[in-house]
Each structure stands twice: as structure tokens, then as C-alpha cells.
Amino acid sequence: MVSVGDLARALDARSWGDTALRVTGAAEPAATQPVSAGGGTIAMAMAPKYAEALKPGSMAILAEGMDPEAYGLKAAIFAPRPRLLMAGLTKAFDPGPDIPAGIHATAVIDASARIGPGAAIGPFVVIGPDVMIGANARIASHVSIGRGSVLGDDIVLHPGARIAHGVRAGHRLILQPGASVGGDGFSFVTPEESGIEEIRRTLGSREDIRQQHYTRIHSLGGVEIGDDVEVGANATIDRGTIRATRIGSGTKIDNLVQVGHNCIVGDDCLLCGLVGIAGSSKIGNRVVLAGQVGVSDNIEIGDDVIAGGASKIFTRVPAGRVILGHPAVKMETQMEIQKAMRRLPRFAQQLAKLQETVTRLLDKTGKDA
Amino acid sequence: MVSVGDLARALDARSWGDTALRVTGAAEPAATQPVSAGGGTIAMAMAPKYAEALKPGSMAILAEGMDPEAYGLKAAIFAPRPRLLMAGLTKAFDPGPDIPAGIHATAVIDASARIGPGAAIGPFVVIGPDVMIGANARIASHVSIGRGSVLGDDIVLHPGARIAHGVRAGHRLILQPGASVGGDGFSFVTPEESGIEEIRRTLGSREDIRQQHYTRIHSLGGVEIGDDVEVGANATIDRGTIRATRIGSGTKIDNLVQVGHNCIVGDDCLLCGLVGIAGSSKIGNRVVLAGQVGVSDNIEIGDDVIAGGASKIFTRVPAGRVILGHPAVKMETQMEIQKAMRRLPRFAQQLAKLQETVTRLLDKTGKDA
Amino acid sequence: MVSVGDLARALDARSWGDTALRVTGAAEPAATQPVSAGGGTIAMAMAPKYAEALKPGSMAILAEGMDPEAYGLKAAIFAPRPRLLMAGLTKAFDPGPDIPAGIHATAVIDASARIGPGAAIGPFVVIGPDVMIGANARIASHVSIGRGSVLGDDIVLHPGARIAHGVRAGHRLILQPGASVGGDGFSFVTPEESGIEEIRRTLGSREDIRQQHYTRIHSLGGVEIGDDVEVGANATIDRGTIRATRIGSGTKIDNLVQVGHNCIVGDDCLLCGLVGIAGSSKIGNRVVLAGQVGVSDNIEIGDDVIAGGASKIFTRVPAGRVILGHPAVKMETQMEIQKAMRRLPRFAQQLAKLQETVTRLLDKTGKDA
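Residues numbered from 1 in each chain as written. Chains lettered and ligands numbered in written order. Predicted model: local features only at pLDDT ≥ 70, side-chain atom pairs only at ≥ 80, totals over all residues. Heavy atoms only, no water.

Under the annotation held in an unreviewed UniProt entry, chain A carries the name UDP-3-O-(3-hydroxymyristoyl)glucosamine N-acyltransferase and is attributed to Paracoccus fistulariae.

Laid out in C-alpha cells, this is it:
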């Protein structure tokens, strides 16, 4: 149980009033009740307009300069560094997935696996030979980790997450439910030049169409992941062909994202929901790909690129560029294109009218001549 | 085993002929054989054109007014309310996933969980502390349900479905294989204004690019789901930050759909395959989002909106509107835009020719002058 | 352990030097060290430019005509049929998922299931009644296979893959982690005409908007899959309504792909990451759908069609066509449209200027007249 005083210390913040009161969670002001004997939720009212819904006798987080007595509060915390407040506050109250300490009796762990101290491993977890896991691992039910994978300290693997063999990841890795790291790459070859290769070479024309079967290229490379990486629910990161697919430190990957084989993703990137990155592409540092963005194979996205929602990226993007659209172009160009497109039907009318006028003019000047 | 008479009663329909014959399934007329001793499949021939392929001695579902004797049938059912026939017919024959009654010996169920009567729970299911489940639950193998989640009567959870802690759902919830409800939201903050925030403020221009690390905002809110909701295979619904992500009653969610944290989806919506809804957006009632539609964060889609396939929605959509395109606009506007786009290369030619003509005219009138 | 000689034989290739040396894997030349006592990795240096980074004392795969002595190699293999080399080479070294021979003690296999010789079945696998599996199956942890499904020889099912009841698949099926085959189709009906149906009939206009609830159409058809099919991580293939959804032999399906109920996909197709195919569509043979392509329901894509990345296909596509864009059109048309779109803002300026000129001309010729 957390008291107002504990929470203030966790947030590195100043508190006011009865700091021994128990805080059971945080809520919007309208959903917050006066504190009862067992404590209560603390309202987030970091601006006067939010504070209007505060009930007397309750607890709140206020901005500096707001007056807790004016709202009849029993206790308050003054929000420090407001941008980070939600991070600290939610961290303080998040119990995370439910995994009792120790290793559940049903878990199947190979005798050669080495697991650091402080682990909590749930039912039906399977850990293969030669796996190495750091300290304080929290591994929920139904997770599997394949032969020889090496994971750092303080990892959290949610139920049903999949780590294949030969994966290396740093500290504080988080895998949401069903995330798959290290599945085989989608890589096939035909004995003769395939239709796709012919089209790429000829820019769209095909001479003749042949029957073709695909032969599988196996994926020997694993996946290498830095520190502080999170992978969303049912997202997939494929292993590399010869060398590893790589994800840099601090990069966050949302639900249902696909990172293809051999990709190299830099540090501190955000890949939002349903993003797809085809094989062997290289994404710089601090790149943001909004939801449903697509990146073609074998291209390079520079550092600090930001791609708006559903941008489809077919070619190299220089560092620092902000892009949008299908195909993706500079954001301001896309804005102009979209404006012009909405006017297109009007253009067509204007052009037709102008043609008529000119025809009449031609007739006239012809007659004049 | 179902007889023709049983099936007719289940469909609230009129039957004809030998109603004691056993029906083992339904099929297209061409795939239906004459009834054998053990019964057979019943042909769906609800229009004369389909009935041509009927074989004498078989069974069929006919439209009212069609003559079973003319096709030499042994038994027939006359289709009532044709739009609903497929629903009733397929329901009558669907055995669903295979889960024997009772609780499998391998299931790990916390002593504090309360499970209603009539449950069928498969192998390797994990149910956490304080979970409450209504009557007649059917929970297939490898499902996990986290601490304190509360689910209604008659739920069907397919293999490997994931329900995190703090999820509430009504009656008749269906989760297809691998669906994930209640994973953590994708929510991060930087100590300083991030590149994305700067771009939103300045509409695309960036002054300088700074190194930035992301700090995680944890997800304390759960997920609240109404009655009669279905969630497709490997679809993901994230938990809210402070309050719950909400899905209204009667809403159906297809495979690989992503619903972000804090979203509110109304009643009786259809979200088709690979739809992505970014965080904190609000979707009205009876909204239809076709396959691969994308919805930006923090926007509102009114009641009864219908978005065509792969529409990308960046801004608020008023109630009742039918939209299409990337970016999505009114369907009729999109149709005009597409028509004009196809004509664009011709426009370019016409414009160039017109410029030439006018230049010649200018020369001429110049000379004339 | 594989020797240079073994590997050369596996690749049907000519070897040179000390063919007894042990090869532990393949790598890029720069990452390859001189051979040690225990052997080493073999460098892939199939062109002189790659060979520059070779270290003396190492092993390499070279193109015919290159001189292993000039690079100071200890052993070499001359690459035969270079297009297929990667396939053979990676296959030779891929140990695949880690599943010890035999059936793990924790697996729950129905007594009526029949499993061929040579099976390796991992922990917590669940196999239902009347399932039939061919020889040499490799089934990793947490896989489930439903009642009556029939699978061929030499299948590899990665951890957490889901096969529902009534699925039939041929030989050499590969399911990556979390792939779901045979989930229920997304098929619902309203008692009255729904908004979507009205829009399709009226091409976008709606008379009035009614409340509507959806009734479920159950999926009685299973899924039928040919030989040599691979399904990617967390991809989903839904079962059919009355007849089976079908995937032809040799077709490869990437991660997070959705194939809707009743679809028929031909032989030797490639469906890349995040492709979505809506219900009841028919895809020909040797069709390639690049990443994030979308296909509407109930349409037909002819044989040998190639659709570029993120193409959105709303209408029938004739055989052999190469398409691109949103909506998808012939690739060369799309290229022209995109060129014209980039010029659109300039068109607008030119048109405005031309209008001015013509107006001035009109004034002038009016005056002249």
C-alpha cells in the first residue's frame, strides 16, 4: 500500500495535508470519491479547469500554485516536471502481469539453462538448452524461449510471448502477449529469374510468364536487441539470414508490427501499430513510423525521419525528413498534392471551359484574319 | 444427430417429405449426394438456378414456391427469412472448438477464482486470482486470464487467447485463437517536446533535432467490453492508461485488428481485418470500418459512419458519412478524385496543347495589332 | 558436425583444399576468422569484390574461376547454380526449432489421434480426437491441433501455432510461431439490409439509418492446404462457411497476413507481410502480393498477377497484370499518375496563368472587333 507521502517521494514531488492517507490508484477528478477509511484514488487535476470536478474530502495531484484548501482537499501532491508525471505516477501503481515469485512447478526448463536470481516464472513456460537469463526476470505463462538465447536483467515477458533460438536481448526487454521474436525470415528463391525480379529490372513489363516454384532460404542469423526495448502484442520480428536482424536500444515497437529479416532498426525509434518493414531495410536512430506505415525492402531511412500515418515508403529517405502519403513524399509537398487533388474536378471543368473559349477565339481570329 | 424435422424446427421453418432423415451438414447442391442409410448433407438451393445441380434422392433447402417433387428430393425444408437462414443453419451444425465438459486436470486455476456452472476448460489453461467467470464458459487450451478479470455467461475462448488482468467483459464474448485483450498501451513520453509533438504544432517544420529517450507511461486502466462481442484471431485490444479502453455491445472485431489504449468503440460496430485505431480515438455506434482502414489518434468518428476498404482517416468524421480513400473523404468526392486522377496524364497533354495554341494566338494577335 | 567435403556434397559442388575441415556456419567475409582447431565459419565470397575482405587461413565459397590460393585459403567450395546456393547453404546449417525426438511427457494427445513414425512433439502440445499426422512431424511447445484435422508428412509447427478442427494440409507444412489456421470467418448478417449492402447497391447514398444488430454466420467449412505451404508468424487463415478456404501447393504466406473465409488462393503464390484478403476472393496461381496489399471481398485476381507494395485492389484483375497504387491500376498507369500528381501544384499555376492570358486576349480581341 502506498501513502500520499510515499507517492510524493516516488514522484520526487512536494506533498500537502494528511500524507499518511492511502492511495489505491489514480483517476480523473469526476471519478474520484472523498477518501474513506481504507484510502482512495487520487485525482489528476493538474490545471484549474480539471479541478472544477474535484470533490471536497478527496485527494488530488495539482499544478504548482493551485490551492488545495480552496478545493477542500484532504491531501495533495504538487506535480513536478509535468511531462514526466504520468510516467512516474502510472509506474507507481502498475502491478504488471501476475507472476508469483519463484519458478512454477509446471515450467519445463532445460538443465543447461542459467537463470539469474529473483526470477518469477509462471505456469507452462518452456526454456530451452543453453538459455541465459539475467536477474529479476518476470516470465508469464505459456512463454517459450529457444536454445541458446541470451537475455539481460529485469525482463518482462507477457503470456504467450515467443523467443526463438539464438536471440540476444539486453536489459529491461518487454514483450507483450503473443509477440514473436526470431521466427524464420520470408525468403525464397526460384531457379530462374522470378516475375518480381524481372519487373524490378524492366520497371513493369514482362516478356513471358513461366511456371516457378519457390525454394526456401533458411534463416541462420538470429535477432539482436539492445536495452530498454518493448515489443507489442502479436508483433513479429524475423531472424536474419546470415547475420542477425537488429533492433537498437530504447526502440519501442507497437502491436502487430512486422520487422522483416535482416532489418537494422536504430536506437530510440517508435514503430506504431501495424507498421510493416520489409526485409533488409535499414532504419536510422530516433525514427518515428506512425500507424500502418509501410517500408519497402532493401531501402534506407535516415536518422530522425518522421513518417505520418499510413505513409508508404518506396525509396530512400534522407535524415531529418518529415514525410507523408502513398507514395510518401515530403510532408509539405503531400499537403499541396492533397489540396490540388481536392480541386482536381474543378480543374477539369476550368480546363474544358478554357478550351472552349480558346476554340471560339481561334474561330474569331481566324474569321478576323 | 439432427433430423430434417429437428433442423426445420431450429430454423423455424416448414419441412416436407421424410423428416426423420438424418442431416450431417449443409453443402452446395453440386457437392450433395443422395441420402444414404446414415443420412447425408442437405443442399442449399434457395433459388431455381441453384436447384439445377440437385441430385434425385437428396435433401435440400428450397425457397418457398419451389417444388421438391420436381427435383426428386426425399426431404426438403422451405427457407424462411432467407437473410437469416445461413445464420440459423450454420449455428445448428457448428460443434465449435473441442473442449470436453469439466476442468482439465492440467489447468492451473487460482483458488480465489470463481467459475460458474457448466464450464468446459481445456488443458494448460491458466486463470489468475480473483477472476470471476459466468455460467457455461468454454475455454480452450493454452488460454490465460489475468488477476481480477470478470467475464459473463456463455463465453467461448479459443486456444491461446489472452485476457490480461483487470478486464471486464459481458455475456457471450468470443475470442478467436491468439486474440489479446488488455496488453499495455503504446504510450511514451520524452522529457522535452518530442519531434512528433513539434511537427504537430508547426505542421511539418522542425527547428533542430535532439537526441531523445522515451519514458514509459504504464497502463493502469483495463478493458471494458459489452455483451455479444467477438474478437478475431491475433487481434489486439490495449488497456487504457487511467480509465478503461471500451468496446460496446454487439461489436465484432476481425483478425489482426489493433484497438489502441483509451479508445472508445460504440455498439454494433464492424471492424474488419487489419484495421488499426490509434490511441484515444472514439468510434460511434454502428460504425463499419472495412479491411485495413486506419484511424489516427485522438479523433472522433460519428455514429453510422461507413469507411471503405483501406480508408485512412486523419480527421473527425461526422455521423452517417460514407467515406473512402487515402486520405479519406466523402465517397462521392473520392470517386470524382479517382476519375480525375485517371485523366490526369490526359489533362497534362491538353493543358500543354492549349498553352501552345494560346501562345500562337498571342503571337498572331500581336502581329495583327 | 559438417566438413567442407560434406557441405560441398550437400550443395552438389566442387571443393578444394583441406576438405576435412569442420564448418560451423556461414558468414560474410569480414566476419570470418582463420580456421581454428575446432573448425570455423565459411565465408560467402561469390564475387571478387566480396573476396577482398577474406582473411588468409580461412574457408570460403567462391565463384567458379576465382583462385583460392590467391586469397591464402585453407579450403574452398565453388558455388554452383548461384541463385540456389543460399537455399542449399542455409538449409545445411539450419537446426530449426529445438524439439527433442519423441513425445514430451506433458503433451496431451487424444487416444484416437494417429501420429506417424519419427515424430518430435514438445511440451504442452494438445492434439484433439481423430487427428491424423504423417511421418516425421516436428511440433514445438504450446501448439494445438483440433478434432479431425489431417496433416501430411514432414510438417514443422513452431511454438504456439494453432490449427483448429477440420483442417487438412499436405506434406511439409510449416507454421511459424502463433500462426492460426481455421479460426472462424468474420461473417455476420442483419435481419434487414445493412448499411454496407445499401451503399454497395446505391454506390454511396443512404436513405435512412437504422439500428441494426448482427447475427453470426458460423463457419462449418474447414481449411484445405496443399503441399509445401508455409504460414508466417501470427498470420491468420479463416475457415470457410460451407466449403473450405483453400491454399494451393507451394504458396508462401508471410507474417501477419489475413486470409478471409472462403478464399481460394492458388499454387506458388507469395503473400507478403500484412497482406489482407477479404472473404470469398479468389487468387490465381503464381500471384505475388507485396507487403500490406489489400484485396476486397468477392473479387478475382488472375494467374501471375504481381501487385506492388501497399496496392489496394478493389476490382477484378486479369491474368498477368502488374499493378500498383491505391486504388491499384496498371503499374505504368500508376507511374504516370504519380508523375502527374507531383506536377499538380504546377498545373494549377499554369492553368490559372493561362486563364488570365486568355481573358486578356478576349478583352483585346473584343476591343479589336
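Structure shown, so let's carry the discussion forward.
Student: Looking at this structure, how should I read the relation of the copies chain B and chain A?
Tutor: The relation between the two copies of this chain is a rotation about an axis and a shift parallel to it. Superposition of chain B onto chain A requires a rotation of 120° combined with a translation of 0.0 Å along the rotation axis, giving an RMSD of 0.1 Å. Overall, the copies show the geometry of a three-fold rotation axis. The rotation axis passes nearest to the C-alpha of N234(B) in chain B, at a distance of 3.7 Å. Taken together, the interface assignments show that only 19% of the residues at the interface of chain B recur at the interface of chain A, consistent with different surfaces on the two copies. (Least-squares fit on C-alpha atoms with pLDDT ≥ 70 in both. Contact = heavy atoms within 4.5 Å.)

Student: Help me understand the interface of chain C and chain A in this model?
Tutor: Frequently, the measure chosen for interface size is the accessible area that the parts lose on association. In this complex, chain C contributes 69 residues to the contact, which on the side of chain A involves 77 residues. Between chain C and chain A, roughly 5900 Å² of surface is buried when both sides are summed, and carbon and sulfur atoms account for 68% of that area. Our count for the contact surface shared by chain C and chain A stands at two salt bridges. Note that R147(A) and D98(C) form a salt bridge whose closest N and O atoms lie 2.6 Å from each other. Between the two partners, chain C and chain A, sit 18 residue pairs in polar contact (both at pLDDT 80 or more). For the side of chain C that touches chain A, the elements supplying multiple residues, two or more each, are β3 (22-27), α3 (82-93), β27 (252-253), β30 (270-271) and α5 (331-368) of chain C. No other element matches α5(C), which puts 15 residues into the side of chain C that touches chain A. (Buried area = accessible area lost by both parts, 1.4 Å probe. Salt bridge = Lys/Arg side-chain N within 4 Å of Asp/Glu carboxyl O. Polar contact = N/O pair within 3.5 Å; in protein donor to acceptor, adjacent residues only side chain to side chain. Helix = DSSP H or I, 4+ residues; strand = E, 2+ residues; numbered from the N terminus.)

Student: I would appreciate a short explanation of the interface of chain B and chain A in the present structure.
Tutor: Each side of the interface is counted separately: chain B has 77 residues, and chain A has 69 residues. For the pairing of chain B and chain A, the buried interface totals around 5900 Å² over both sides, and the portion due to carbon and sulfur atoms is 68%. Contact with chain A buries surface across chain B, with F186(B), Y214(B) and I242(B) losing the most and accounting together for 11% of the total. If you look at where chain B meets chain A, you find two salt bridges. When the shortest N-O distance is used, the salt bridge between R216(B) and E230(A) registers 2.7 Å. If you look at where chain B meets chain A, you find 18 residue pairs in polar contact (both at pLDDT 80 or more). The element contributing the most residues to the side of chain B that touches chain A is helix α5 (residues 331-368) of chain B, with 14 residues.

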